[in-house]
Every structure is written in structure tokens, then in C-alpha cells.
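The chain contents come next:
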Amino acid sequence: KQWFIYTMNPGEKKDDELLAINNSDETVTVILYPADSTPSTDGGFALEQFVEPKDFVGKWITLSQAELTLKPHESKVVPFSIAVPDDPKLGVGEHTGGILIQKKDQGASETSGIQLFTRVGVRMYVTIPGEITRNLSIGELTVARGVTEKNYVAGLTVKNGGNVSEDIVVKFKIENV
């Protein structure tokens with residue numbers, strides 16, 4: 001599975017499993033943690049950092065273990081559960097988050113104040129049944145000159161005001177005026 005997709009009612013709990021695989025030639029110790037989703041810089045799907053608070057799907061997930069050591073080319077199954085709170089304020093529709101894995105000790109740099117971590121994540125979509133609202137709105141269209149005089153860069157802002165994800169395709173038709 002590349003994604004976990006569930007339809008669950010408030011108060012419902014499900015058990016599932018994640019398969020962690022070490023594709024490298026060395027033994028690695030990894031940490032596993034749930035996280036809420038957040039829009040990436042281009043509006044796509046991303047998962048929050050380890051230190052950020054878990055408020056939604058990240059809070060609903062309980063992993064059987066938070067740390068795992070894998071020998072070269074070894075795989076292990078990690079059980080987890082997801083429990084949707086029995087909260088009347090919880091909206092129907094889609095709620096997103098995921099589970100992340102990163103090396104436990106990636107080594108701090110002694111010459112830099114910046115630390116980068118490589119993470120691998122699996123998405124999780126939890127849909128709470130009810131009235132589905134689809135509400136896409138088109139915002140600002142921007143056009144700017146590109147690197148050369150003959151190139152232009154066009155951008156379009158699209159906002160999803162609904163309660164489920166939408167797969168959209170935007171096509172531009174350019175005509176010589």
C-alpha cells in the first residue's frame with residue numbers, strides 16, 4: 001500500500017500495519033511518528049515535522065513502537081491503530097495526516113546551525129461520512145516574463161473550500177493576439 005485510506009465514523013477505531021523496509025547495506029535505527037498534514041510551499045501534500053503538535057489525524061494514530069532497528073535489507077511489520085474522536089464538532093469529509101520514518105541519529109553538524117533530516121512518509125486519508133461538499137474556486141492568474149524575452153511563466157491560484165480532496169487538471173490555451 002502506498003497510502004492508508006479509511007472511512008470511519010466518530011468514535012470508531014481500526015487496527016492496521018505498516019511495513020518498514022531497510023533497502024540499504026547497513027543496519028539503521030529509525031524513529032516512527034504520526035503527523036498531521038500541511039500544505040507544501042506549492043500547495044501540495046506534506047506532513048508536519050516531529051516537533052510540531054499533533055492536532056488531528058496525527059493525534060488519532062497510535063504506533064506500537066516509536067523506534068525500530070533494521071538490519072541490511074530487513075523488513076518489519078509495525079502495528080498501529082487509528083481512533084477517530086467521538087467529537088460532534090469534528091467535521092464530515094476528509095482529514096489527512098500520515099506516518100513518518102527517519103533515521104534516529106543523523107548526526108548534528110558542528111559547523112552549521114542548520115540540521116536537515118531525511119524522512120519517508122506514508123499518507124493517511126480518513127473520511128468521516130456525511131454530506132460531501134465540493135467547492136473549488138479559481139483565484140488570481142499571474143503572468144510574468146520568464147528567463148528570456150520569449151518565455152513567460154503563468155500561475156493560477158485554486159482554492160479548495162470543500163471537505164474532500166479534489167484532483168484537478170488545469171489547461172491553458174494560449175492564442176496569438
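S.K.: Looking at this model, I keep getting lost on the overall build of the chain. Mind explaining?
M.R.: Of regular secondary structure, the chain possesses one helix and 11 strands. Counting from the amino terminus, the chain carries its helices and strands in the arrangement β-β-β-β-α-β-β-β-β-β-β-β. Its C-alpha radius of gyration of 21 Å places the chain more than 25% over the 16 Å reference for a compact globule of 177 residues. Considering only C-alpha atoms, the chain reaches an extent of 65 × 50 × 30 Å along its principal axes. Expressed as a percentage of its 177 residues, the buried residues of the chain come to 25%. Contacts in the chain between residues far apart in sequence, at least 24 positions, make up 67% of those at least 6 positions apart. Of the roughly 12500 Å² of accessible surface on the chain, a fraction of 51% belongs to carbon and sulfur atoms. Put simply, the chain has 18 plus and 24 minus side-chain charges, and the middle of one group is 3 Å from the middle of the other.

S.K.: It is not clear to me how the side chain of His95 should be interpreted in this structure. Could you clarify?
M.R.: In this fold, His95 is placed in strand E8 (residues 93-103). By relative accessible area, His95 is classed as buried at 14%. A distance of 2.7 Å separates a polar atom in the side chain of His95 from the backbone oxygen of Gly91. In this view, His95 contacts Val57, Trp60, Leu90, Met124, Tyr125, Val126 and Ile128; residues no more than four positions away in its chain are not counted.

S.K.: In this structure, what is going on with the layout of surface pockets? I would like to understand it.
M.R.: One way to see where empty space is left: roll a probe the size of a water molecule over the atoms. Of the voids in this model, the largest pocket is the one considered here, and its volume is about 960 Å³. In terms of lining, the largest pocket is formed by 25 residues, of which the most central are Gly43, Gly44, Asn160, Ser165 and Glu166. Listing elements by their share of the lining of the largest pocket, those giving two or more residues are strand E1 (3-7), strand E3 (28-39), strand E4 (45-47), E8, strand E9 (119-128) and strand E11 (152-160). Considering the residues around the second largest pocket, the lining is formed by 24 residues, among which Leu19, Ala20, Ile21, Ile101 and Val120 are closest to the centre. Looking at the lining of the second largest pocket, the elements with two or more residues in it are strand E2 (13-21), E3, E8 and E9.

S.K.: Can you walk me through the side chain of Thr127 in this structure?
M.R.: In this structure, Thr127 sits in strand E9. Non-local contacts of Thr127, meaning those with residues more than four positions away in its chain, are made with Tyr6, Thr7, Met8, Gly93 and Glu94.

S.K.: I would appreciate a short explanation of the environment of Pro79 in the present structure.
M.R.: Note on placement: Pro79 falls in strand E7 (residues 75-83). Considered as a pair, Pro79 and Thr133 are 54 residues apart in the sequence and their alpha carbons are 33 Å apart. Contact partners of Pro79, with chain neighbours within four places excluded, come to Asp16, Glu17, Leu63 and Ser64.

S.K.: What exactly am I supposed to notice about the nonpolar core here?
M.R.: Most often, soluble globular proteins have nonpolar side chains that are buried together. Tyr6, Ile61, Phe80, Ile82, Ile99, Met124 and Val126 are the most contacted members of the largest nonpolar core, which has 24 residues in total. For this core, the elements supplying multiple residues, two or more each, are E1, E2, E3, helix H1 (57-60), strand E5 (61-63), strand E6 (67-70), E7 and E9. Listed in part, the five residues of the second largest apolar core include Ile31, Tyr33, Leu47 and Leu100.

S.K.: Please clarify how the pattern of salt bridges should be interpreted in this entry.
M.R.: Any two side chains of opposite charge can pair, so long as their charged atoms come close to each other. This model, assessed by the stated rule, comprises two salt bridges. The closest approach of N and O atoms between Glu26 and Lys103, which form a salt bridge, is 3.8 Å. In this pair, Glu26 is assigned in the loop between E2 and E3 and Lys103 in strand E8, connecting sequence segments 77 residues apart. The salt bridge involving Lys104 is made with Glu67; its shortest N-O contact spans 3.1 Å. Of this pair, Lys104 sits in the loop between E8 and E9 while Glu67 is found in strand E6, placing the two residues 37 residues apart along the sequence. We classify Lys104 as partly exposed; its relative accessible area is 47%.

S.K.: Quick question: what am I supposed to make of the pairing of E8 here?
M.R.: Sheet faces and side chains relate simply in a regular strand, where the side chains alternate between the two faces. Across the 11 residues of E8, eight count as buried, placing the element largely inside the fold. Relative to E8, E3 runs antiparallel, the two sharing seven bridges. Residue pairing across strands places Asp36 opposite Gly97, the latter belonging to E8. The sheet contact formed by E8 and E9 spans 10 bridges and is antiparallel. Each residue of the ladder has a partner; that of Thr96, found in E9, is Tyr125.

The rules we used
- Residues numbered from 1 in each chain as written.
- Predicted model: local features only at pLDDT ≥ 70, side-chain atom pairs only at ≥ 80, totals over all residues.
- Heavy atoms only, no water.
- Helix = DSSP H or I, 4+ residues; strand = E, 2+ residues; numbered from the N terminus.
- Rg over C-alpha atoms; globule rule 2.2 N^0.38 Å.
- Buried < 20%, exposed > 50% of the residue type's maximum accessible area, 1.4 Å probe, protein only.
- Contact = heavy atoms within 4.5 Å.
- Areas by Shrake-Rupley, 256 points an atom, 1.4 Å probe, with all protein chains shown as cover.
- Lys, Arg positive; Asp, Glu negative; His and termini not counted.
- Charge placed at Lys NZ, Arg CZ, Asp CG, Glu CD.
- Polar contact = N/O pair within 3.5 Å; in protein donor to acceptor, adjacent residues only side chain to side chain.
- 1 Å grid on protein atoms, 1.4 Å probe; cavity = no way out; pocket = protein on both sides within 12 Å on 5 of 7 lines; lining within 4 Å.
- Points joined across faces, edges and corners; volume = space filled by probe spheres on them.
- Core = buried A, V, L, I, M, F, W, Y, C linked by side-chain atoms within 4.5 Å.
- Salt bridge = Lys/Arg side-chain N within 4 Å of Asp/Glu carboxyl O.
- Pairing = 2+ DSSP bridges.

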